[in-house]
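Chain and residue survey
Residues per chain are reported as follows:
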Amino acid sequence: MTIDIKNLTKLYANQRALDDVSLSINEGEIVGLLGPNGAGKSTMMKIITCFIPPTSGEVKVCGLDIFDEPLQIRSLIGYLPEQNPLYLDMYVRESLMFIAGLHKIRGKEKKQRVEQMIETVGLTKEVNKKIGALSKGYRQRVGLAQAMIHDPKVLILDEPTTGLDPNQLVEIRQIIKQMGKKKTVILSTHIMQEVEAVCSRAVIINNGKIVADDTIEHLALEGSLEKTFRDITMGI
Ligand code: ADP
Ligand code: MG
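Presented here is a report on the structure given in the accompanying data block. Every chain begins its residue count from 1, and numbering advances along the sequence as written. Each chain gets a letter, beginning with A, and each ligand a number, beginning with 1, in the order they are written. Only residues with pLDDT of 70 or above have their local features reported here, since the model is predicted, and side-chain atom pairs are shown and tallied only from 80 upward, although totals for entire chains, interfaces and linings are computed over all residues. In computing side-chain values, all of the structure's heavy atoms are included and hydrogens and water are not.

Side note on the site of ligand 1
For clarity, the cut-off: By convention in these notes, a residue is near a molecule or strand provided one of its non-hydrogen atoms lies within 4 Å of it. Pairs of N or O atoms are called polar contacts if they sit within 3.5 Å, as long as, within protein, a hydrogen donor faces a hydrogen acceptor (for residues adjacent in sequence, only side-chain-to-side-chain pairs). The helix count covers DSSP runs of H or I at least four residues long, the strand count covers runs of E at least two residues long, and both are numbered beginning at the N terminus. Ten residues, namely Ala, Val, Leu, Ile, Met, Phe, Trp, Tyr, Cys and Pro, are considered nonpolar, four, namely Asp, Glu, Lys and Arg, are considered charged, and the remaining ones, Gly among them, are considered polar.
Close contacts around ligand 1 come from Tyr12, Gln15, Ala17, Pro36, Asn37, Gly38, Ala39, Gly40, Lys41, Ser42 and Thr43, and that covers them all. At 3.4 Å, a side-chain N or O of Tyr12 approaches a nitrogen atom of ligand 1. Residue Gln15 places a side-chain N or O atom 2.7 Å away from an oxygen atom belonging to ligand 1. Counting only elements with at least two residues in the shell around ligand 1, the list comes to β2 (15-25) and α1 (41-48). No other element matches α1, which puts three residues into the shell around ligand 1. Along the lines of polarity and charge, the residues of the shell around ligand 1 split into four nonpolar, six polar and one charged.

Examining α1
Definition in use: Note on classification: 1.4 Å probe, protein chains only; a residue is buried when its accessible area is under 20% of the maximum for its type, exposed when over 50%, partly exposed between these limits.
Counting buried residues along α1, seven of its eight residues qualify, which places the element largely inside the surrounding structure. The set of residues buried in α1 consists of Lys41, Ser42, Thr43, Met44, Met45, Ile47 and Ile48. Following α1 by one or two positions, Cys50 adopts a phi angle in the positive range, close to 65 degrees.

Right, dumping it as structure tokens:
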């Protein structure tokens with residue numbers, strides 16, 4: 001089991017952002033965490049990546065507990081946060097070299113990893129620009145490259161395609177699907193079609209609770225993915 005979540009609850013003051021959530025994710029799965037705004041998707045991702053502590057419950061990543069071994073867990077995870085924080089004044093290659101350095105990748109290996117990532121995410125043409133000069137789609141590619149630079153086992157991508165135009169959207173989805181062949185991936189989205197296009201499994205979350213969890217084939221076959229999600233977004 002790559003990610004094991006048991007009875008996870010997160011309170012912000014009196015508000016239950018996550019309410020007794022349990023979820024297990026196997027190696028190699030691409031899981032779409034689908035839910036409307038405020039469902040609790042980002043909160044779950046921040047807990048798994050050890051950025052915020054839960055109120056109660058247990059989370060293990062690759063067998064490691066988030067309370068006992070947060071640093072090791074972070075080294076196993078590549079995380080693209082919702083706002084994709086980037087250093088806009090840095091050049092693309094420079095920023096990737098910098099992030100690789102933070103992961104203690106050195107020398108020849110560092111250069112190789114950076115060039116490999118530039119190719120993987122399709123940044124070759126933009127590599128000599130400042131990040132601030134890039135379009136949103138290309139900034140997302142930089143974010144993805146940063147998240148993958150240390151070849152993490154697990155990728156956590158918080159709304160990686162939000163705000164992209166249709167062409168960029170298709171390309172970023174393809175990159176994620178390609179990367180997902182070798183990694184365990186959780187991506188969040190509020191677009192149902194995105195889960196169908198990219199993921200092997202859908203976990204639908206609403207008001208801090210998991211309301212559906214199944215393979216895409218199964219959910220799509222029954223038409224239940226669409227129905228469950230429509231009911232939620234219409235507030236039924
Ligand atoms: P999602 O990513 O699915 O849109 P979030 O996990 O960001 O949902 O938020 C879940 C709920 O928790 C929302 O109602 C949100 O307003 C609340 N919330 C998130 N972060 C905080 C915070 N730092 N302080 C207070 N409330 C928060
Ligand atoms: Mg969010």
